Amino acid sequence: MLDSYNRKINYLRISVTDRCNLRCVYCMPENGVPLLKHDDILSFHEIVTVTKIAVQKGIDKIRITGGEPLVRKGIVDLIRMIGKIEGISDFSMTTNAILLDQFAEDLKKAGLHRVNISLDTIDPEKFSQITRGGDIQKVFAGIEAAKNAGLEPIKINCVIKKDHHEPDALTVAKFCDENNLHVRFIQEMNLEKGDFSVVHGGTGGDCGNCNRIRLTANGMIKPCLFSDIQYNVRELGAEKAIDLAVGNKPQSGHVNLTGKFYNIGG
Ligand code: SF4
């Protein structure tokens, strides 16, 4: 699919839940968030239907996000259902890896190709502060499990304040070098202010070459993270919602006053 700026749109990011088992300070308020009602969350069948139609239209890269996708009950079954769709050349997941050591083998067998893991520091104390109580040893165990399962290449998403020469960014980069992991630095973003930049070591934030659309956990197709434009697949049907999203994809991001990272999936 080409959008009205002649960009090839071949990447669909699918948020499968707004729930998470961490409370990262730059993503979630301390006391959590008002969660989507169960009926508002797309069923596996609905997600697979949207994905099939998206692949028929030219999407060949699928990323599963959240919240935290591994807290969605039956996630391995969903991965297996999506993994059976022909035409997907790159099938990945972004996870905080807290539960990954329990799922890695099954995810690989179900058809997942690779994972991106969120890790902003390798200091256990700081990790606990940033995530409001997370245990970094579980992330390290998740990384090992992903390696053993062959969910590679493993990319590390490291959120930075301003610059990838910050102390934590440097230690995460060294950790990645020593462990054959690929680091990407993501500057902290602000949807309402429209603060974002190109991901260092990735493609996110590069509006001129943007190739993505998103499906939120409650069934909205969003042409852009930094925009309020969205189309409801339950009301319009997947085909029309995708066509409208691609047809109305903005040239570049601006602000998003209605969405949150935990229900769009970054
Ligand atoms: S801000 Fe919008 S157009 Fe720019 S890279 Fe992100 S999703 Fe694409």
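Residues numbered from 1 in each chain as written. Predicted model: local features only at pLDDT ≥ 70, side-chain atom pairs only at ≥ 80, totals over all residues. Heavy atoms only, no water.

## A word on the layout of surface pockets
Empty space left among the atoms is revealed by rolling a probe the size of a water molecule over them.
Now for step 1: Volume-wise, the second largest pocket comes out at about 230 Å³.
Now for step 2: Residue assignment for the lining of the second largest pocket shows that the elements contributing at least two residues are helix 4 (124-130), strand 5 (155-160) and helix 6 (167-178).
Now for step 3: When its residues are assigned to classes, the lining of the second largest pocket shows 7 nonpolar, 1 polar and 6 charged. (1 Å grid on protein atoms, 1.4 Å probe; cavity = no way out; pocket = protein on both sides within 12 Å on 5 of 7 lines; lining within 4 Å. Points joined across faces, edges and corners; volume = space filled by probe spheres on them. Helix = DSSP H or I, 4+ residues; strand = E, 2+ residues; numbered from the N terminus. Nonpolar A, V, L, I, M, F, W, Y, C, P; charged D, E, K, R; others polar.)

## Re the pattern of salt bridges
Now for step 1: Counted by the stated rule, this structure contains 13 salt bridges.
Now for step 2: One salt bridge connects Glu46 with Arg234, and the closest N-O pair in it is separated by 2.7 Å. Separated by 188 residues along the polypeptide, Glu46 in helix 1 (residues 44-56) and Arg234 in helix 7 (residues 233-236) bring together distant segments of the chain.
Now for step 3: The partly exposed category is assigned to Glu46, whose relative accessible area is 24%.
Now for step 4: Salt-bridge contacts for Lys161 lead to Glu188; the nearest nitrogen and oxygen are separated by 2.7 Å. Linking Lys161 in the loop between strand 5 and helix 6 with Glu188 in the loop between strand 6 (182-187) and strand 7 (212-215), this pair joins segments that are 27 residues apart in sequence.
Now for step 5: Among the residues examined, Lys161 registers a relative accessible area of 55% and is labelled exposed. (Salt bridge = Lys/Arg side-chain N within 4 Å of Asp/Glu carboxyl O. Buried < 20%, exposed > 50% of the residue type's maximum accessible area, 1.4 Å probe, protein only.)

## Quick word on the packing of helix 2 (residues 75-83) against helix 3 (residues 100-110)
Now for step 1: As a packed pair, helix 2 and helix 3 sit with axes 8 Å apart at the nearest point and diverge in direction by 20 degrees. With respect to each other, helix 2 and helix 3 are oriented roughly parallel. As helix 2 runs across helix 3, the sense of the crossing is right-handed. Contacts from Ile75, Val76, Ile79, Arg80 and Gly83 in helix 2 reach Phe103, Asp106, Leu107 and Ala110 in helix 3.
Now for step 2: The class makeup of the residues in the contact of helix 2 with helix 3 is 6 nonpolar, 1 polar and 2 charged. (Axes fitted to C-alpha atoms, helices over the stretch in contact; angles between N-to-C directions. Parallel < 35°, antiparallel > 145°, perpendicular 65-115°, else oblique. Left-handed = near helix turned anticlockwise from the far one by under 90°. Contact = heavy atoms within 4.5 Å.)

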